[in-house]
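# Working through the structure, step by step
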Amino acid sequence: MLVGLGLGPGNPELLTLRAVRILKEADTVFVPGRIAADLVAPYRDCVVLDFPMTDDEGRIRECLERNAARIAPVAKDGLAVFGILGDPNFFSTFSRLCGIIAEHYPGIECSTEPGISSITAFAAAAGVPLGGGFIVSDGGDPSALIRLKARHPREIIAGLRAEGYREFILVERMFFPDMRVYRGDKIPEKSDYMSVLYARR
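Here we summarise the structure given alongside this text. (Residues numbered from 1 in each chain as written. Predicted model: local features only at pLDDT ≥ 70, side-chain atom pairs only at ≥ 80, totals over all residues. Heavy atoms only, no water.)

Count 3.6 residues to each turn of an α-helix, and residues three or four apart come out pointing the same way. Ala19, Val20, Ile22 and Leu23 are the residues of helix H1 (residues 17–25) that are buried. The buried residues of H1 all sit within an arc of 165° when viewed along its axis, so they share a single face. Exposed side chains of H1 directed beyond 90 degrees from the buried face belong to Leu17 and Lys24. Packing partners of the buried residues in H1 comprise strand S1 (2–6), strand S2 (28–31), helix H2 (34–40), strand S4 (80–84) and strand S5 (110–113). (Buried < 20%, exposed > 50% of the residue type's maximum accessible area, 1.4 Å probe, protein only. Helix = DSSP H or I, 4+ residues; strand = E, 2+ residues; numbered from the N terminus. Arc of directions from axis to C-beta. Contact = heavy atoms within 4.5 Å.)

Further remarks concern the nonpolar core. In terms of nonpolar packing, the biggest core is built from 21 residues, with Leu2, Phe30, Ile71, Ala80, Phe82 and Leu97 touching the most fellow members. Secondary-structure elements contributing two or more residues to this core are helix H3 (57–77), S4 and helix H4 (94–104). Broken down by element, this core gets its largest block of residues, eight residues, from H3. Once residues within four sequence positions are removed from consideration, Leu2 is found in contact with Ile71, Ala75, Ala80, Phe82, Phe94, Leu97, Ile101, Ile108, Glu109, Cys110 and Ser111. (Core = buried A, V, L, I, M, F, W, Y, C linked by side-chain atoms within 4.5 Å.)

Across the sheet, four strands lie side by side as S6-S9-S7-S8; this open sheet has antiparallel pairing. Edge positions in the sheet fall to strand S6 (144–148) and strand S8 (180–183), since each has one partner strand and no second. Geometrically, the sheet is characterised by an average inter-axis angle of 15° between neighbouring strands, direction not taken into account. Bridge count for strand S7 (residues 167–172) against strand S9 (residues 195–200) is six bridges, and the pairing is antiparallel. Looking at S9, one finds that Leu170 is bridged to Leu197. Against the sheet, helix H6 (residues 153–162) touches S6, S7 and S9, its axis set at about 20° to S9. (Pairing = 2+ DSSP bridges. Axes fitted to C-alpha atoms, helices over the stretch in contact; angles between N-to-C directions.)

Of note in this structure, Phe91 is not a glycine but carries a positive phi near 50°. With respect to the helices, strands and loops of the structure, Phe91 is situated in the loop between S4 and H4. One non-glycine residue, Arg173, lies in positive phi territory at about 55°. For Arg173, the location among the structural elements is in the loop between S7 and S8.

Shape descriptors only; they carry no functional weight alone.
As structure tokens, then:
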């Protein structure tokens, strides 16, 4: 198995307790650079992989395939952890790495463990409370929406369909022992106050 592990925004005190445990349990920890390696160092030795900052898609692809080939033998029979700054689901290299793994090593399962993302870290660093709606983008046109406190998800979905959204996932009581994940037609009429609805065009 390959786990993308969020290491937070760069301060060693902002690693989660869960992240520390997973680092210690891993058979091998891989990281994409020196900052991530320094965050991991108090808990584990790690393998630093080369992920160049470039817009050259051919070079990026070649790099991902080379790194996937190093990770795959560990992930095939044990627990490989890829530690990444921020959260592995927000604008990260990990999703692209998983695509390469799925293509060349289809028997390897990929999953993620959250870290403090740059979005929440920014709000704390800047002293900016983020209330109401706001847009986060890396420069591309937003294609997805996240709705918090989705207590009447079916009603919300009806409105979003009119705006061109087609894919829906609801997570209720996220990371609590009774967490539930619903997709598509399985999404209920009503859900807990602590529910998050994801929609994609």
